Amino acid sequence: MRSCHPGAPAGQSDALPSVQGTLPHFIQEPEDAYIVKSNPIKLRCRATPALQIFFKCNGEWVHQNEHASQEYKDLNTGLKVREVMINVSRQQVEDFHGPEDYWCLCVAWSHLGTSKSRKATVRIAYLRKNFEQDPQGKEVPINGMIVLHCRPPEGVPAAEVEWLKNDELVSSLTDDNLDTRADYNLIINEARLSDSGNYTCLASNIVAKRRSATAAVIVYVNGGWSLWTEWSACSAPCGRGIQKRSRTCTNPAPLNGGAFCEGMSVQKITCNALCPIDGGWDEWSEWTVCSSQCERQRSRECNSPAPRHRGKMCEGNSKATENCTDGLCTQNMESSIDVALYSGLGAGIVAVVILVVAVMLYRKNHSDYGVDVIDSSALTGGFQSFNFKTTRQGNPLLLNSSMPPDMTVGRTYSTPLCFHDSADKELFDPLPDIKVKVQSSFMVSLGVAERAEFHTKAPSESYPQDLGCDFCSTVDKRKKGPLTLNGPFNSSREQLRTSGVFGHMGGQLVVPNTGVSLLVPHGAVAENMSWEMYMVINQGEASAQTLEECEILLGPEVTYGPSGLDLFCPVAMTIAHCAEVNAENWNIQLKRKTQDCKWEEVMSAEEESTSCYCLMDSSSCHLLLDQPGSYALVGEPLTQAAVKRLKLAVFGSVESGSMSYSLRVYCVDDTPHAFQGVVAAERSRGGQLLEEPKMLPFRANTFNLQVSIQDVPQFLWSIKPFTTCQEFSFPQVWCSNQQPLHCAFSLERYSPATTQLSCKISVRQVKGHEQILQVYTAVAKGEKELVPFFMQTDCMVTSQTGPKAFKIPLSIRQRICATFDTANSKGKDWQLLAQKLHLDRNLGYFAKQRSPSAVILSLWEARHQETADLDSLASALEEIGKIHSRSSPKEPDEAEPDLNHTQAGGLYGTGQPAAPEGQDCVPEYTG
């Protein structure tokens with residue numbers, strides 16, 4: 001209700017006129033208030049002396065009926081005090097639409113005039129749900145600064161912010177390391193391990209409380225190396241051994257995901273322990289003259305050899321005495337004779353002692369001089385004690401195989417596709433004792449690794465290398481042609497071409513050390529016939545035609561023949577490949593060369609086909625082929641996660657100048673055949689394999705391959721600036737198509753006294769994997785003539801015919817075929833055999849064969865030719881027998897086949913008769 005008071009002073013048209021004197025005095029004025037939810041608020045005024053008090057809200061007088069007033073006497077002053085109260089609802093505030101917030105004030109009257117109170121605002125309180133900025137998790141090193149940002153939700157009144165750690169309130173008042181005053185943020189000045197936890201920003205006002213998303217804070221500690229331990233004793237009590245020292249990543253130990261220490265935790269050096277030499281007796285001296293006591297003596301010395309280096313003394317007596325008159329002693333010899341004898345002996349002994357002392361002094365003086373000369377080489381280049389390790393055992397390419405294997409990430413490629421006919425030979429001289437650590441420099445020459453020109457009977461065409469993709473089409477044409485390393489290859493025809501005459505019994509062809517073989521099953525050739533079959537790995541220049549899209553070669557191009565070959569069942573060919581097989585990342589296809597030297601697709605590795613069969617293992621592809629010709633395995637990357645394996649190897653040799661040493665790093669597709677090109681080239685130039693070859697996964701992510709030399713000593717070798725790192729472009733590596741890439745580092749020492757070289761070769765793909773090749777080698781000339789680093793240790797038998805070429809004996813093979821190929825065999829059909837042998841894909845190919853079981857066994861033979869183990873086959877047959885015995889109980893008058901029999905007659909016996917001789921691939925069906 002609004003009233004009119006005409007006597008109000010100027011500027012207050014609604015106020016009563018004021019007069020001189022005491023005006024009403026407000027003891028309590030209305031305060032700002034917030035409406036929470038739908039609850040009204042109360043505004044109060046108290047004044048004295050006052051006849052009336054009314055509220056005025058938003059310039060309008062509040063109706064008298066809405067006021068609640070009372071009057072009482074102040075006991076202290078004796079004055080009357082009037083108190084007035086009104087309610088303000090949420091609806092009133094929401095209905096007000098003005099430029100300001102909703103406001104109210106009090107006007108008090110007395111006989112002397114009016115007084116106004118302060119304005120009190122009334123607002124609706126709220127707090128929104130979503131934070132304008134949530135704190136974010138952080139990982140920080142110890143002693144680092146942590147800043148967690150938080151902006152609370154919008155609200156009236158403005159929200160206050162607190163911080164929780166693991167749901168416990170944190171405050172800067174109790175921890176000087178914390179600061180919560182800076183614009184709602186939480187600052188930890190120096191991170192401690194105890195500061196790790198889950199942090200939450202808590203915003204609250206009179207309406208509600210809101211929690212932000214939790215921010216995980218991890219304070220980590222990077223590891224640090226402890227001090228090296230003392231060198232251990234030499235591992236060999238006699239001869240060449242190893243000394244070790246170690247350190248641990250405990251100073252401090254990595255915590256909360258901190259980085260592990262970089263570098264080696266164990267260092268090794270070679271040592272030589274002097275072997276004990278046991279003493280041996282000289283020949284007895286002549287007997288002395290018979291003495292006056294009728295005795296004679298003889299003696300011997302323990303100096304053949306003399307005991308040295310903790311060796312044992314001679315066992316037995318050094319003197320012998322016997323009666324020289326057979327007991328008939330006369331004792332009439334003159335004493336003067338004894339005096340002369342003993343005087344002569346004494347003089348002789350003194351002369352021998354003087355001579356021995358003189359010789360020892362002479363040797364000692366010359367030995368000391370020799371040590372000074374050797375050790376003085378360290379003064380010219382800043383002597384440091386590096387540690388060297390010998391090469392690992394097991395690889396015939398390495399200079400020394402006396403050490404146990406080093407279990408690194410890299411893998412070595414075994415080449416079991418060979419018929420062993422002799423024991424392994426000792427190929428290489430051991431490394432010399434290594435005591436000095438060197439530093440080096442080098443020059444770099446970059447090039448695509450050169451391919452040897454193998455002389456074979458293969459056609460000149462090889463699989464196309466020029467890909468249709470952009471990244472492959474950018475490869476320099478000059479780098480795609482055949483290049484030749486320094487010196488010709490000495491590879492023989494037998495390494496790349498093999499042949500043999502096969503009859504009805506079948507056999508196997510192998511191209512040694514290439515991962516390529518051909519299995520001709522028993523019965524594939526008709527009886528009373530024979531074929532001269534051959535297999536060639538083509539080494540000619542690339543065909544002019546290009547591969548489609550992004551295809552690359554994954555293995556060598558292989559031809560088998562002759563072209564008019566007519567067989568009753570397919571042959572099994574094995575080709576090594578370099579792909580990390582994954583159907584999501586690769587499209588792998590088998591292609592065959594047509595008569596007009598074009599390439600046509602035969603099948604995809606993931607598709608089913610009745611024309612041929614393709615089984616992809618991790619490192620080999622097994623093919624069942626009916627038609628002779630040239631075949632190649634090609635791959636197209638479908639994603640950037642596609643990986644092909646590279647084999648990395650480092651070779652070294654002394655260059656023409658005695659002060660220079662060359663390191664050559666090869667990157668080649670990880671197949672045995674591709675690596676043979678490197679082996680042949682290095683063998684021709686006298687190179688030595690300095691480290692076990694390692695495998696590097698190379699991804700199709702278009703990033704380049706970097707090769708760098710590291711940890712090269714700098715005081716004993718010269719170094720050319722800016723030549724420590726080389727880079728192969730992605731197309732060079734990805735589209736190498738079985739051709740090796742290499743780069744060379746040329747190092748030159750300052751002094752001929754520098755005889756050892758130690759460094760690391762890092763090979764890494766940008767944003768990909770990395771491998772380290774550790775080089776420890778002697779570079780001195782003239783120590784002894786080095787044996788060439790590579791010699792063919794595998795057997796050179798390239799073909800075998802008859803039963804000895806197969807793992808499964810012929811009689812067992814025939815019984816298996818008779819059992820599983822015969823119709824109505826109570827579930828023991830060839831499909832169950834394929835399932836138990838893990839060959840149960842593309843069953844349509846087996847179904848069209850005359851004997852599905854024989855083809856399945858041929859594929860099993862090709863797949864397991866390197867293991868020569870029949871356990872997996874026997875286990876599968878045993879499991880089939882158990883399934884059969886459970887599913888079909890035998891009749892009382894029916895003999896149950898024994899599938900578990902392993903006597904000399906075979907792995908098992910069956911109820912079926914053995915197939916007739918010669919009916920392996922073509923069994924007779926009886927309905």
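Before reading further, recall that the structure is shown in the block above.
Quick caveat: nothing in here was measured; it's all calculated off a predicted structure.

## Things to note about a nonpolar patch on the surface
Right, so step 1: A surface patch of nonpolar side chains, amounting to about 390 Å² of accessible area, comprises Val-289, Leu-341, Tyr-342 and Leu-345.
Right, so step 2: Within the element layout of this structure, Tyr-342 appears in helix H2 (residues 335-375).
Right, so step 3: Classification of Tyr-342 as exposed rests on a relative accessible area of 55%.

## A few points about helix H4 (residues 672-684)
Right, so step 1: Here H4 is 13 residues long and its end C-alpha atoms lie 18 Å apart, about the 18 Å a rise of 1.5 Å per residue gives.
Right, so step 2: Where burial is concerned, most of H4 is hidden: 11 out of the 13 residues are buried.
Right, so step 3: For H4, the complete set of buried residues consists of Pro-672, His-673, Ala-674, Phe-675, Gln-676, Gly-677, Val-678, Val-679, Ala-680, Ala-681 and Glu-682.
Right, so step 4: Packed against the buried residues of H4 are strand S30 (531-537), strand S33 (571-576), strand S39 (643-654) and strand S40 (660-669).

## Topic: the state of the cysteines
As used in these notes, a disulfide is a covalent bond between sulfur atoms, one from each of two cysteines.
Right, so step 1: With the rule as written, the count across this model stands at 8 disulfides.
Right, so step 2: Linked covalently through their sulfurs, Cys-302 and Cys-314 form a disulfide whose S-S length is 1.9 Å. Judged by the torsion about the S-S bond (85°), the Cys-302/Cys-314 disulfide is right-handed. With Cys-302 in the loop between strand S24 (295-299) and strand S25 (319-323) and Cys-314 in the loop between S24 and S25, the pair connects residues that are 12 residues apart, well separated along the chain.

## Brief notes about unusual backbone geometry
For residues other than glycine, phi is negative in most cases, and the peptide bonds are mostly trans.
Right, so step 1: Geometrically, the link from Asn-251 to Pro-252 is a cis peptide bond, its omega value of 0° lying close to zero.
Right, so step 2: Within the secondary structure, Pro-252 sits in the loop between strand S22 (239-246) and strand S23 (266-273).
Right, so step 3: With a phi angle near 65°, Cys-294 is a residue other than glycine that sits in the positive phi range.
Right, so step 4: As for its placement among the helices and strands, Cys-294 is situated in the loop between S23 and S24.
Right, so step 5: In this structure Cys-294 comes out as buried when scored by relative accessible area, which is 3%.

## Things to note about the sheet that holds strand S13 (residues 146-148)
Right, so step 1: Spatial ordering of the open sheet is given by S13-S18-S17, a layout of 3 strands whose pairing is antiparallel. Every other strand in the sheet has two partners, leaving S13 and strand S17 (178-179) as the edge strands with one partner each.

## Let's talk about the sheet that holds strand S7 (residues 80-88)
The strands that make up a sheet pair up through hydrogen bonds in the backbone, lying either parallel or antiparallel.
Right, so step 1: Ordered in space as S1-S3-S7-S6, the 4 strands form an open sheet in which the pairing is antiparallel. Every other strand in the sheet has two partners, leaving strand S1 (25-28) and strand S6 (68-73) as the edge strands with one partner each. Direction aside, neighbouring strands of the sheet carry axes that sit 25° apart on average.
Right, so step 2: Pairing analysis gives 7 bridges linking strand S3 (residues 41-48) to S7, with the strands arranged antiparallel. Paired with Ala-47 across the strands is Arg-82, a residue of S7.

## Some points on the pairing of strand S46 (residues 741-749)
A regular strand places its side chains on the two faces of the sheet in alternate fashion.
Right, so step 1: A large share of S46 lies buried, amounting to 8 of its 9 residues.
Right, so step 2: Bridge count between S40 and S46: 8 bridges; the pairing is antiparallel. The residue bridging Ser-660 from the neighbouring strand is Glu-748, located in S46.

## A few points about the nonpolar core
Right, so step 1: Among the nonpolar cores identified, the biggest contains 70 residues, and Tyr-560, Leu-663 and Ile-761 are the most heavily contacted of them.
Right, so step 2: Residues in contact with Ile-761, not counting those within four places in the same chain, are Val-650, Val-665, Val-707, Ser-708, Ile-709, Phe-745, Gln-771, Ile-772, Leu-773 and Val-775.
Right, so step 3: Leu-624, Phe-820, Trp-830 and Val-855 belong to the second-largest nonpolar core, a separate cluster that totals 31 residues.

The rules behind each value
- Residues numbered from 1 in each chain as written.
- Predicted model: local features only at pLDDT ≥ 70, side-chain atom pairs only at ≥ 80, totals over all residues.
- Heavy atoms only, no water.
- Patch = residues over 30% accessible without salt bridge, like charges linked within 9 Å, V, L, I, M, F, W, Y side chains within 5 Å.
- Areas by Shrake-Rupley, 256 points an atom, 1.4 Å probe, with all protein chains shown as cover.
- Salt bridge = Lys/Arg side-chain N within 4 Å of Asp/Glu carboxyl O.
- Helix = DSSP H or I, 4+ residues; strand = E, 2+ residues; numbered from the N terminus.
- Buried < 20%, exposed > 50% of the residue type's maximum accessible area, 1.4 Å probe, protein only.
- Expected span 1.5 Å × (residues − 1).
- Contact = heavy atoms within 4.5 Å.
- Disulfide = S-S within 2.5 Å.
- Pairing = 2+ DSSP bridges.
- Axes fitted to C-alpha atoms, helices over the stretch in contact; angles between N-to-C directions.
- Core = buried A, V, L, I, M, F, W, Y, C linked by side-chain atoms within 4.5 Å.

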